[in-house]
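As a plain string of letters, each chain reads:
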Amino acid sequence: RSTLSRNTVGEYVKPFTPEKAKDIIMSLQQPAVFHNMVSDWPSRHWTAEHLSEVLQHKRIRFRMGVKSADTVPQFETMCSYVDATLEEFLTWNCDQSNSFGPFRDYDHSKFWAYADYKYFVNLFEDNSDVFQDVLWSDFGFPGRNGQESTLWIGSLGAHTPCHLDTYGCNLVFQVQGRKRWHLFPPEDTPCLYPTRIPYEESSVFSKVNVVNPDLKRFPWFRKARRHSVTLSPRQVLFVPRHWWHYVESIDPVTVSINSWIELEEDHLARVEEAITRTLVCALKTSEDPHNSRAWLNPTEVEATSHAVNCSYLSGAISAFFSHSRTPKAGEDDVLEANGGSVEKEGSHVDQTRSRSQGPGAGRRAAASGFGPDLCPVLPAPEEPPAHRGGVFENDSKELADKDEKHFAKSCCPQRPQMMSEDGNATGGQAAAGSAPGLSQALISTDDLLDCLVNPQVIRMVAQLLIQGKSL
Ligand SMILES: O=C(O)CCC(=O)C(=O)O
């Protein structure tokens, strides 16, 4: 059990020095929870009530979602939005019969509200002193504070659909209430059915509602290795690079603060993101030039033109090269095309690490830090879907149970093949027997995009572009 110690002059002694914490963050390749690292941070007192006093009449945009256990993820494009003060939010959330104010159309028993992904710099523009209340320097990032942080305030059931962040790794400080995190490792990406629609730079969404999966549509999800953890106040979760996550508020009010830490590998990720943007914008604006809102996540300002996207891509490639010109001693400075990895020094530390130290070396190195003040988030034992789910009653429990049985029989250990050797489709709709006859609508723009901008395809395109420019 973790304990909090004080030194002889009564100051808190943190379990890890900033150097040690950073060492752990930079080498650990599995999620873990830090304890006793924020006991003296002023922001530990940032309850929603406190923030409503600090922010006074500031109107904040809340995402409104339905409390349901549908199998389809509630993407941000499907939600509605309410501009309200925190005080109005708290009134709606506490006095549930209240039918006035900006939330009047939202029955509290049916909806949740989420002021999510709010950059401090926008929220506290008149009050930047509060940036000092967040001290990521304790984790080995000197000078990093609220300026590089985002705030999340939600009601019971508020959640973020399953996605991975393409840039950086993440530190999340839980301030008020508890949140349940469902995490999946990057190697399980095919089992998460990645999609770029809705499009948002820096997020790859999963088509699966991971707390109530439709296993008939997404059979590979059965193989995904869920790691679950409940994050309580004063704990800090470390989310390693490219780990998928679905996050839900399981208390009446939750407040959390996070900061994404940039990594060397982000230079390659920026090239990949620029390629993705170019393809998504080209195809979606050709499909319907007037309706970008249907596919563009509300966090994106607008669909960008092809010219802008190409210059963004060129900029990302130049930045990639300018950050990988000087090789570090002992590392390859050649681009090698070996069918799966074309890497340049510093471009992809995951693989450099596993080449030089063997798989799992990062985990082992950090394992020395595990103990009462650093708890690894472990794979969840296999549970029937009804027990792993979100905070709401599972409407389609029976259906999911049936699916489980069906797939226990039919799911093979290898990933299903899309094409047989003779080139015929063997999986998905076309092989189902009950599939609709061939029609023009068989392949939609989104079907095409799902394949074109699949992370594995984009990785290969980025590598070919970089290789072409380095000759
Ligand atoms: O807390 C949430 O709802 C989501 C947080 C998240 O996605 C992140 O910190 O990357």
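Up top is the structure.
Here is what the cut-offs are and how they apply
Residues numbered from 1 in each chain as written. Predicted model: local features only at pLDDT ≥ 70, side-chain atom pairs only at ≥ 80, totals over all residues. Helix = DSSP H or I, 4+ residues; strand = E, 2+ residues; numbered from the N terminus. Buried ≥ 20, exposed ≤ 12 C-beta atoms within 10 Å, placed from the backbone. Contact = placed C-beta atoms within 7 Å. Pairing = 2+ DSSP bridges. Axes fitted to C-alpha atoms, helices over the stretch in contact; angles between N-to-C directions. Nonpolar A, V, L, I, M, F, W, Y, C, P; charged D, E, K, R; others polar. Near = placed C-beta within 6 Å. Core = buried A, V, L, I, M, F, W, Y, C linked by C-beta atoms within 7 Å.

J.: What am I meant to see in the overall build of the chain here?
T.: A count of helices and strands for the chain gives twelve helices and 17 strands. The buried share of the chain, taken over its 471 residues, is 38%. Contacts in the chain between residues at least 24 apart in sequence constitute 79% of all its contacts with a sequence separation of at least 6.

J.: I would appreciate a short explanation of the environment of Lys14 in the present structure.
T.: Summarising the element assignment, Lys14 is placed in the loop between β2 (12-13) and α1 (18-27). Using a count of 21 C-beta atoms within 10 Å as the deciding quantity, one classes Lys14 as buried. Considered as a pair, Lys14 and Asp40 are 26 residues apart in the sequence and their alpha carbons are 9.6 Å apart. Excluding anything up to four places from it in sequence, Lys14 contacts Asn36, Met37 and Asp138.

J.: Can you walk me through the sheet that holds strand β13 (residues 227-231) in this structure?
T.: In any sheet, the strands associate via hydrogen bonds between backbone groups, in a parallel or an antiparallel arrangement. The strand order β11-β12-β8-β15-β10-β13 describes an open sheet built from six strands, whose pairing is antiparallel. Here the strands that pair on one side only, and so sit at the sheet edges, are β11 (194-200) and β13. Averaged over all pairs of adjacent strands, the angle between strand axes in this sheet comes to 35 degrees, irrespective of strand direction. With three bridges connecting them, strand β8 (residues 159-165) and strand β15 (residues 244-249) associate as antiparallel partners. Residue His159 lies in a different strand from β15, and its bridge partner there is Glu248.

J.: What's the story with the environment of Cys79 in this structure? I'm lost.
T.: Mapped onto the secondary structure, Cys79 falls in the loop between β4 (60-66) and β5 (80-84). Residue class for Cys79 comes out partly exposed when judged on the 17 C-beta atoms lying within 10 Å of it. For the pair formed by Cys79 and Gly65, sequence separation is 14 residues and the distance between their alpha carbons is 5.5 Å. Contacts of Cys79, omitting those with residues within four sequence positions, involve Arg63, Met64, Gly65 and Gln74.

J.: How do you make sense of the packing of helix α2 (residues 48-55) against helix α3 (residues 86-94) when you look at a structure like this?
T.: Between two packed helices, what matters for the description is the angle formed by their axes and the separation of those axes. The N-to-C vectors of α2 and α3 enclose an angle of 145 degrees; their axes lie 8 Å apart at closest approach. On α3, the residues that touch Ala48, Glu49, Leu51, Ser52 and Leu55 of α2 are Leu86, Glu87 and Leu90. A per-class count over the contact of α2 with α3 returns five nonpolar, one polar and two charged.

J.: Even after reading the chapter, I still don't get the site of the ligand, so can you show me in this structure?
T.: Taken together, Asp116, Trp152, Thr160, Asp165, Asn170, Val172, Lys179, His245, Val247, Ser256 and Asn258 are the residues near the ligand. For the shell around the ligand, the elements supplying multiple residues, two or more each, are β8, β9 (169-176), β15 and β16 (253-261). Residues of the shell around the ligand, tallied by class, amount to three nonpolar, five polar and three charged.

J.: Please explain the pairing of β4 as it appears in this structure.
T.: In this structure, β4 lies alongside β5, joined through five bridges in antiparallel fashion. Pairing of Met64 across the sheet is with Ser80, part of β5. In this structure, β4 lies alongside strand β6 (residues 111-119), joined through four bridges in antiparallel fashion. What sits directly across from Met64, in β6, is Ala113.

J.: Got a minute to help me understand the nonpolar core in this structure?
T.: Nonpolar side chains tend to gather and get buried jointly when the protein is soluble and globular. Ile25, Ala113, Leu171, Leu192, Val236, Leu237 and Phe238 are the most contacted members of the largest nonpolar core, which totals 73 residues. With residues near it in sequence (within four places) discarded, Leu171 still touches Trp136, Phe139, Val236, Phe238, Asn258, Ser259 and Ile261. Leu268, Cys281, Leu296 and Leu449 belong to the second largest nonpolar core, which has 24 residues in total.

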